[in-house]
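Structure at a glance
If you want the building blocks of each chain, they are given just below.
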Amino acid sequence: MAETLENQILHALGQVFDHDKDKNIVSLGIVKNINIDAGQVTVILEFERDDNNIKKIYDESEKAISEIPGITKSTIVTTYHSENSETSSQNEKNEQDNSDNINPNLGTSKIKFILMVASGKGGVGKSTVATNLAIAFKRIGLKTCLLDADIYGPSVPTMFDINEKPQSDGKQIETLNKYGIATMSIGYMVNDDNPMIWRGLMVMKAINELISKVNWGEADIMIIDMPPGTGDVQLTLTQKLKVDGSLIVTTPQDVALIDVVRGLRMFEKTEIPIMGLVENMSYFVAPDTGKQYPLFGEGKTESVAEKYDYEILTKIPHDPLILEQCENGHPLTDLVPEHKVSRMFIELAETVLKKLKLQRLADS
Ligand code: ADP
């Protein structure tokens, strides 16, 4: 069988070495995301720190990818964790803990609960889960808003079919509302041409605007569709907002699960409670027999969950309807709420809400 383009890219990047560590950049987890769109490839490389290696690895990766036939354009984005991230995280947290305002950085908006939907790597269905879960919270009666902070591949404009630009009076930015959800996306704020080439300060400025300038009004819950991985953008978001919980979305593949562990560590470090794991594309249901077929093998997510003592909250099947509805810009949970998968999202919303409330009680 012909190798998929993603596998060819992974193989090519597997030949690029971090010579200091004597390991290739795939096994070191530096390759954070591979996004392929009609022959155009974007690769995200995430480093622990800024050092001379980055440039060398960048050049070698670019060369390795350019040799793969069928790629019309490639963009490599490099990010790294800043040296003082942890210290500043702690300082800001202490400041927040002493404040009466639940989320001082959210401007005048008042939001009861904030939930981050994160993933170790891209393409596992994080945005699919975030959008359907937002709708599910609305369905169980919560006033819900959705912040799409995925700078590498904002999905909310597509998944909600929103093509407008948000209104702003120069001080505040208004949300765009659809399907009963107030949304804001980094995708509304960039030109379609190439959001991927955003770098360092520009990204941080946009993230800060998303946090402090958006007029969310009052809401019961905010879902944040996080960028994949554990870089500086993720740290900024976790530092600036007092987040009540996080969900980590994964597929039961080894490559996805290795990065889940990093995600768990990031949330543990920032003291954001991890509500649990969401396994996506776990199995395929044969439409004729209803029989379930595991797609990537069984028991892998369980072993990670057991080892780190986290719960798998749900297992969402691979369902062509999910894909279709995402592409058509109307999430399945809103379009067909009685569908089996929609019901799974609604049950997930109920479980998470219960956990958030219990935790709030325990903290008070
Ligand atoms: P991420 O946010 O992790 O990058 P997305 O949510 O954008 O991932 O999903 C990647 C692709 O996989 C999208 O085309 C989406 O429609 C599809 N997808 C996600 N989950 C499922 C599923 N359970 N069944 C079918 N397709 C899915």
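Up top is the structure.
Residues numbered from 1 in each chain as written. Predicted model: local features only at pLDDT ≥ 70, side-chain atom pairs only at ≥ 80, totals over all residues. Heavy atoms only, no water.

Under the definition given, this model contains 1 aromatic pair. The interplanar angle of 55 degrees and the centroid separation of 5.3 Å between the aromatic rings of Phe 160 and Tyr 179 together place this pair among those described as tilted. Taken together, the residues Phe 160 in the loop between helix H5 (156-159) and strand E8 (173-174) and Tyr 179 in the loop between strand E9 (176-178) and strand E10 (181-185) connect sequence positions 19 residues apart. One exposure class covers both Phe 160 and Tyr 179, and it is buried. (Phe/Tyr/Trp six-rings, centres within 6.5 Å; stacked < 30°, edge-to-face > 60°. Helix = DSSP H or I, 4+ residues; strand = E, 2+ residues; numbered from the N terminus. Buried < 20%, exposed > 50% of the residue type's maximum accessible area, 1.4 Å probe, protein only.)

A few words on the site of the ligand. Around the ligand lies a shell of 16 residues, among which Gly 123, Lys 126, Ser 127, Thr 128 and Asn 280 are the nearest. Contact distances for the ligand include 2.9 Å between an oxygen atom and a backbone N or O atom of Lys 126. At 2.9 Å, a backbone N or O of Pro 317 approaches a nitrogen atom of the ligand. Surface burial for the ligand is 84%, taken as the share of its 560 Å² of free accessible area covered by protein chains. Going through the elements one at a time, helix H4 (126-139), strand E14 (274-285), strand E16 (312-318) and helix H10 (320-328) are the ones with two or more residues in the shell around the ligand. (Near = heavy atom within 4 Å. Polar contact = N/O pair within 3.5 Å; in protein donor to acceptor, adjacent residues only side chain to side chain. Areas by Shrake-Rupley, 256 points an atom, 1.4 Å probe, with all protein chains shown as cover.)

Quick look at the side chain of Asn 280 now. Along the chain, Asn 280 turns up in strand E14. For Asn 280, the contacting residues outside a window of four places in its chain are Val 124, Gly 125, Val 249, Thr 250, Thr 251, Pro 252, Ile 316 and Pro 317. (Contact = heavy atoms within 4.5 Å.)

Moving on to the environment of Met 226. By the element assignment, Met 226 lies in the loop between strand E12 (218-225) and helix H7 (232-240). Taking the C-alpha atoms as reference points, Met 226 and Leu 237, separated by 11 residues in sequence, lie 8.6 Å from one another. Residues in contact with Met 226, not counting those within four places in the same chain, are Met 116, Val 117, Ala 118, Lys 126, Asp 150, Gln 234 and Leu 237.

Another point: empty space enclosed by the protein. This model, assessed by the stated rule, comprises 1 cavity of 30 Å³ or more. The wall of the largest cavity is formed by Ala 118, Ser 119, Gly 120, Gly 229, Thr 230, Ile 248, Gly 263, Met 266 and Phe 267. Going through the elements one at a time, strand E6 (110-119) and helix H8 (254-269) are the ones with two or more residues in the lining of the largest cavity. It is H8 that provides the largest number of residues to the lining of the largest cavity, a total of 3 residues. Of the residues contributing to the lining of the largest cavity, the split by class is 4 nonpolar, 5 polar and no charged. (1 Å grid on protein atoms, 1.4 Å probe; cavity = no way out; pocket = protein on both sides within 12 Å on 5 of 7 lines; lining within 4 Å. Points joined across faces, edges and corners; volume = space filled by probe spheres on them. Nonpolar A, V, L, I, M, F, W, Y, C, P; charged D, E, K, R; others polar.)

Turning our eyes to something else, we now look at the side chain of Thr 230. Mapping Thr 230 onto the fold places it in the loop between E12 and H7. Polar contacts involving the side chain of Thr 230 include one to the side chain of Glu 46, which spans 3.1 Å.

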